Amino acid sequence: MTPPISTPSINWLAISPEIALAAAGVVMVMLRSVLRRRPITMPLCVVVAISGVVAAGAVEYRLWQVVDHHRAISTVAGMVRVDLFGIFLGVVVLGATLMTLLLSVAYLRREGLDAPEYLALVLLSAAGMLAMTTANDLIVVFLALEVLSIPLYVLAAFDRRRLSSQEAGIKYFVLGAFSSAIFLYGVALTYGATGTTSLTGIASFLAHNTLLDQGTLLAGIAFLLVGLGFKVAAVPFHMWTPDVYQGAPTPITAFMSAATKAAGFAALLRVFGVAFPLYRADWRPAVFALAVLSLVVGSVAAVVQTDVKRMLAYSSIAHAGYILIGFQTATSRGREAALLYLFVYSFMTVGAFAVLTVATRRGDDRHSLDDYRGLALERPIVGGLLIFFVLAQAGIPFTGGFIAKLEVFSAAAQAHQYVLLVIGVLAAVVTAYFYLRIAYTVLTPGEETSSAKPLETPRRVDVWSGLVLVACAALVLVVGVVPGVFVHWARDATFLL
Amino acid sequence: MTVVLFFIFGALTIGGALGVVLARNPVHSALFLVLTLVSVAVLFLLQDAQLVAAVQIIVYAGAIVVLFLFVIMLLGVDQTEPFAEPLRFQRPVALALGAILLAEVLLLAGHRWATGAKTARGVGITGGAFGSNIQRVARVLFTTFLWPFEITAVLLVIAVIGAVVLARRSAQTPDSESESAPRSGS
């Protein structure tokens, strides 16, 4: 007779955000199959999707209060670890998800893509991202990576009438699967070296044992860094980014650039901060190289682009470089800067892509710089918001972008990383050039040539997309004007253990 | 008894593998592959690895071979492939590599240092009572690895939804095609 299995105790509150999103996703698929293509299906699914995200957000709020007063919650056999760090990035992910959903409502109708599966996949992907932010085990990190990536492969290819969307899906799939395999190899090697996949377990093993032969562990760490580097689009693992960002439906591009990056950095900061703090001296030079390359390639390559979506893709690579600076310092000050940067960056980039979504006409394929010529003159509010968002990304004072860059630079200075600091500032100058180029183009009147241009441009921005634009702009502005409270939150969230 | 079974199914495994390579008809190759995989499953059973045996039959002999057959049927079996070798040195290199692999396996099977386990010539590794390894897997699956297990369930749901979304004909939105030149639906 074998003893009965005693299942681990579960703190249901701690895993409720993931459950809420996954449940909402499944409910939508069920609604779709029961109601079929009735006119009510899509609005109902939108309601379900938004209530799922709002419910998850409410739970995160409650968790923040609970964790704030107690220690981190460790549950489900230690696989989940809910701390302020995870909750902070979870909120960033949920914010980006909510914006994406609101933005997608009018977009899907305009493009004739009305399908509840789209919303379900966004929610399931977000559920994977939330699992990533609270993962305390390399196996959970890997599975969460897959849960967040596979819906994105499908979503990138969702607009199958456009060849570029199909191309984006295939490219993202092949490179994403490749990077997942590399990550998994890193997990296996780390397990081989330490005998556990638990992040806290690895940390305590390394604290109490000295490895005679470090090759296996160092190779494992390197593979983990490469695998996650793909997800956050750090150079030299960025090759997929411009093509995928360009080809994917624009709301999905917003989602990928904001939420995926937040989840990827959640994993990077947590895996390296919790499991390998003792190997700092080994991984910091590698991260240094990634940060420098991301800053240089991201900012220089963006200058020569003529497509606005590609420009923003390269700018997101450069932003990843700034966040990597915060990561590279390996101090809690650096983590705070990285967290704040991720928060601000998410809303800046979602805002920018939201403008692209509402500014283009049906087809979602006219994003070259020339197509945006004179946008601010024809549609002052939309064009003005685009200028605001690109200037915020450039780091103009009184916007969140300025505060975020300032935090990163001061963290680098405090850690005596002056080389990174100088390269970061130089990259900021270069990126400012192409952000200003976008702003300038939007302000110059375009020559009235063929009938091709405005024609179908919707004059009115629908209420949900308008809400997204206003909310993003307001947040970026508020962080810029009264940064204190946000810096405070980010500081609270830096403690990993 | 065990030894007799081992030799019978060992021979079937090798015979099936030869059949996969030598059969002219790709469908026959796929069926020979089933034979090999099922025989390997029996060999697993002889090693007291019931779970691996079941997984071997369900996943490999079941799902994967059916997938192979689907592909073969969809591509059509009646066209005879020209048997010209695209790479000229493929055959000798393959033979050499195969010989090296065989030597390696023979060498490792007799030594303990390679795997740390008992040698194939020594006593087999047995897991105690019948079904113990299934129980052991079940135990960790519902205790230590409960959360990954549940996440995997979500992953499977996603795979189904994603496959349906991508495979469905885009003809479901006929009005959207009228805008411009006809595009070939995928």
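Residues numbered from 1 in each chain as written. Chains lettered and ligands numbered in written order. Predicted model: local features only at pLDDT ≥ 70, side-chain atom pairs only at ≥ 80, totals over all residues. Heavy atoms only, no water.

Trainee: Give a detailed account of the overall build of chain B, specifying residues and quantitative values.
Mentor: A count of helical and extended segments in chain B gives six helices and zero strands. Going from N to C terminus, chain B has its helices and strands arranged as α-α-α-α-α-α. Residues classed as buried in chain B amount to 19% of the 186 residues present. In chain B, of all internal contacts separated by at least 6 residues, the share reaching a separation of at least 24 is 47%. If you sum the accessible surface of chain B, you get close to 13,200 Å²; carbon and sulfur atoms cover 74% of it. (Helix = DSSP H or I, 4+ residues; strand = E, 2+ residues; numbered from the N terminus. Buried < 20%, exposed > 50% of the residue type's maximum accessible area, 1.4 Å probe, protein only. Contact = heavy atoms within 4.5 Å. Areas by Shrake-Rupley, 256 points an atom, 1.4 Å probe, with all protein chains shown as cover.)

Trainee: So what's going on with the overall build of chain A? Which residues, and what values?
Mentor: Counting its secondary structure elements, chain A contains 19 helices and two strands. Compactness check: chain A gives a C-alpha radius of gyration of 22 Å against a globular reference of 23 Å for 497 residues, within 12% of the reference. Structurally, chain A occupies a C-alpha span of about 75 × 60 × 40 Å along its principal axes. The long-range fraction of contacts in chain A, counting pairs at least 24 apart against all pairs at least 6 apart in sequence, stands at 81%. On chain A, the mean spot of the 33 positive side-chain charges and the mean spot of the 27 negative ones are 3 Å from each other. (Rg over C-alpha atoms; globule rule 2.2 N^0.38 Å. Lys, Arg positive; Asp, Glu negative; His and termini not counted. Charge placed at Lys NZ, Arg CZ, Asp CG, Glu CD.)

Trainee: Give a detailed account of the pattern of salt bridges, specifying residues and quantitative values.
Mentor: All names here are of chain A. A full pass over the atoms with the stated rule returns 12 salt bridges over all chains. Salt-bridge contacts for Asp159 lead to Arg161; the nearest nitrogen and oxygen are separated by 3.1 Å. A salt bridge links Glu407 to Arg333; its shortest N-O distance comes to 2.9 Å. Of this pair, Glu407 sits in helix α16 (residues 400-414) while Arg333 sits in helix α13 (residues 332-359), placing them 74 residues apart in sequence. (Salt bridge = Lys/Arg side-chain N within 4 Å of Asp/Glu carboxyl O.)

Trainee: Before we move on, could you go through helix α3 (residues 50-75) of chain B and cite the residues and values that matter?
Mentor: Residue and element names in this part refer to chain B. In a regular helix each residue adds 1.5 Å, so 26 residues correspond to 38 Å; α3 covers 36 Å between its end C-alpha atoms and thus fits that length. Approximately 25 degrees is the largest bend angle found in α3, and it occurs at Gln56. For α3, every residue scored as buried is listed here: Gln50, Ala53, Gln56, Ala61, Val65 and Ile72. Positive phi appears at Gly76, one or two residues downstream of α3, with a value of about 90 degrees. (Expected span 1.5 Å × (residues − 1). Bend = angle between axes of the 7 residues up to and from the residue.)

Trainee: Explain the packing of helix α2 (residues 41-69) of chain A against helix α3 (residues 84-111) of chain A residue by residue, including any values.
Mentor: All names here are of chain A. For the pair α2 and α3, interaxial distance at closest approach is 10 Å and the crossing angle is 165 degrees. In terms of their interaxial angle, α2 and α3 are classed as roughly antiparallel. For the pair α2 and α3, the sense of crossing is left-handed. From α2, Met42, Val46, Ala49, Ile50, Val53, Ala56, Gly57, Glu60, Leu63, Trp64, Val67 and Asp68 reach across to α3, where they touch Leu84, Ile87, Phe88, Gly90, Val91, Leu94, Thr97, Leu98, Leu101, Leu102, Val105 and Leu108. Here the contact of α2 with α3 is built from residues that sort into 19 nonpolar, three polar and two charged. (Axes fitted to C-alpha atoms, helices over the stretch in contact; angles between N-to-C directions. Parallel < 35°, antiparallel > 145°, perpendicular 65-115°, else oblique. Left-handed = near helix turned anticlockwise from the far one by under 90°. Nonpolar A, V, L, I, M, F, W, Y, C, P; charged D, E, K, R; others polar.)

Trainee: So what's going on with the side chain of Thr36 of chain B? Residues and values would help.
Mentor: Following the sequence through the fold, Thr36 of chain B ends up in helix α2 (residues 26-46). Those residues in contact with Thr36 of chain B that sit more than four places away from it in its chain are Thr13, Gly16 and Ala17 of chain B.

Trainee: Lay out the domain arrangement of chain B with the relevant residues and their values.
Mentor: Here the domain parsing of chain B yields domain 1 (1-77) and domain 2 (127-173). Look at where the C-alpha atoms of domain 1 of chain B and domain 2 of chain B centre, and you get two points 24 Å apart. (Domains from an automatic or database assignment.)

Trainee: Just give me the short version of the packing of aromatic side chains, but keep the residues and values in it.
Mentor: Residues and elements named next belong to chain A. The full count for this structure, using the stated rule, is 24 aromatic pairs over all chains. Relative to Phe158, the ring of Tyr118 lies with its centre 5.3 Å away and its plane at 75 degrees, an arrangement referred to as edge-to-face. On the criterion of sequence distance, the pair formed by Tyr118 in helix α4 (residues 116-133) and Phe158 in the loop between α5 (138-156) and α6 (163-194) is long-range, its members being 40 residues apart. For Tyr118, a relative accessible area of 0% corresponds to the buried category. Overall, the relative accessible area of 7% leaves Phe158 in the buried class. Ring centres of Tyr172 and Trp240 lie 4.7 Å apart, and the angle between their planes is 20 degrees; on these two criteria the pair is classed as stacked. Linking Tyr172 in helix α6 with Trp240 in helix α9 (residues 240-247), this pair joins segments that are 68 residues apart in sequence. Each member of the pair, Tyr172 as well as Trp240, is classed as buried. Stacked on the ring of Tyr322, the Lys or Arg Lys405 has its end atom at 4.7 Å from the ring centre. (Phe/Tyr/Trp six-rings, centres within 6.5 Å; stacked < 30°, edge-to-face > 60°. Lys NZ or Arg CZ within 6 Å of the ring centre and 35° of its normal.)

Trainee: Can you explain the packing of α13 of chain A against α16 of chain A? Please cite residues and give values.
Mentor: All names here are of chain A. Two elements in contact, α13 and α16, have axes whose closest approach is 9 Å; the angle formed by their N-to-C orientations is 160 degrees. The angle between α13 and α16 places the two elements in the roughly antiparallel class. Helix-helix and strand crossings are classified by hand; for α13 and α16 the assignment is left-handed. The segment α13 lies against α16, with Arg333, Gly334, Glu336, Ala337, Leu340, Tyr341, Val344 and Met348 engaging Gly400, Gly401, Ile403, Ala404, Lys405, Glu407, Val408, Ser410, Ala411 and Gln414. For the contact of α13 with α16, the class distribution of residues is nine nonpolar, five polar and four charged.

Trainee: Please set out the interface of chain B and chain A residue by residue, giving values where relevant.
Mentor: Facing the 31 residues of chain B at the interface are 39 residues of chain A. In this assembly, chain B packs against chain A so that about 3,100 Å² is buried in total across both faces, 71% of it on carbon and sulfur atoms. The interface formed by chain B and chain A holds zero salt bridges in total. Inspection of the chain B/chain A interface yields one residue pair in polar contact (both at pLDDT 80 or more). (Buried area = accessible area lost by both parts, 1.4 Å probe. Polar contact = N/O pair within 3.5 Å; in protein donor to acceptor, adjacent residues only side chain to side chain.)

Trainee: Requested: an account of the nonpolar core, with residues and values cited.
Mentor: In globular proteins that are soluble, nonpolar side chains generally tend to be buried together. All names here are of chain A. Counting residues in hydrophobic clusters, the biggest one holds 200 residues, and the most contacted among them are Phe272, Phe276 and Phe389. Among the elements that make up this core, the one with the highest residue count is α13 (19 residues). Aside from chain neighbours lying at most four places away, what touches Phe272 is Ile221, Leu224, Leu225, Ala267, Pro277, Trp283 and Phe327. (Core = buried A, V, L, I, M, F, W, Y, C linked by side-chain atoms within 4.5 Å.)

Trainee: So what's going on with a nonpolar patch on the surface? Residues and values would help.
Mentor: On the surface, Val66, Leu67, Phe68, Phe70, Val71, Leu74 and Leu75 of chain B cluster together into a nonpolar patch covering about 740 Å² of accessible area. In this structure, Val71 of chain B sits in helix α3. (Patch = residues over 30% accessible without salt bridge, like charges linked within 9 Å, V, L, I, M, F, W, Y side chains within 5 Å.)

Trainee: Give me the lowdown on unusual backbone geometry, citing residues and values where you can.
Mentor: Following Val235 of chain A, the chain continues into Pro236 of chain A via a peptide bond in cis, with omega recorded as 5 degrees. In this fold, Pro236 of chain A is placed in the loop between α8 (215-231) and α9.

Trainee: Would you mind going over the confidence of the model for chain B in detail, with residue names and values included?
Mentor: Residue and element names in this part refer to chain B. Per-residue pLDDT for chain B has a mean of 78; in total, 74% of the residues score no lower than 70. Within the model, the stretch residues 119-130 combines pLDDT values under 50 with 16 contacts to residues more than four positions away or in other chains. Predicted as a complex, the structure gets a pTM of 0.86 and an ipTM equal to 0.88. (pLDDT = per-residue confidence, 0-100.)

Trainee: An account of the side chain of Thr134 of chain A is needed here, citing residue identities and associated values.
Mentor: Positionally, Thr134 of chain A belongs in the loop between α4 and α5. Apart from the residues lying within four places of it in its own chain, the contact partners of Thr134 of chain A are Glu18, Met79, Val80, Arg81, Val82 and Arg270 of chain A.

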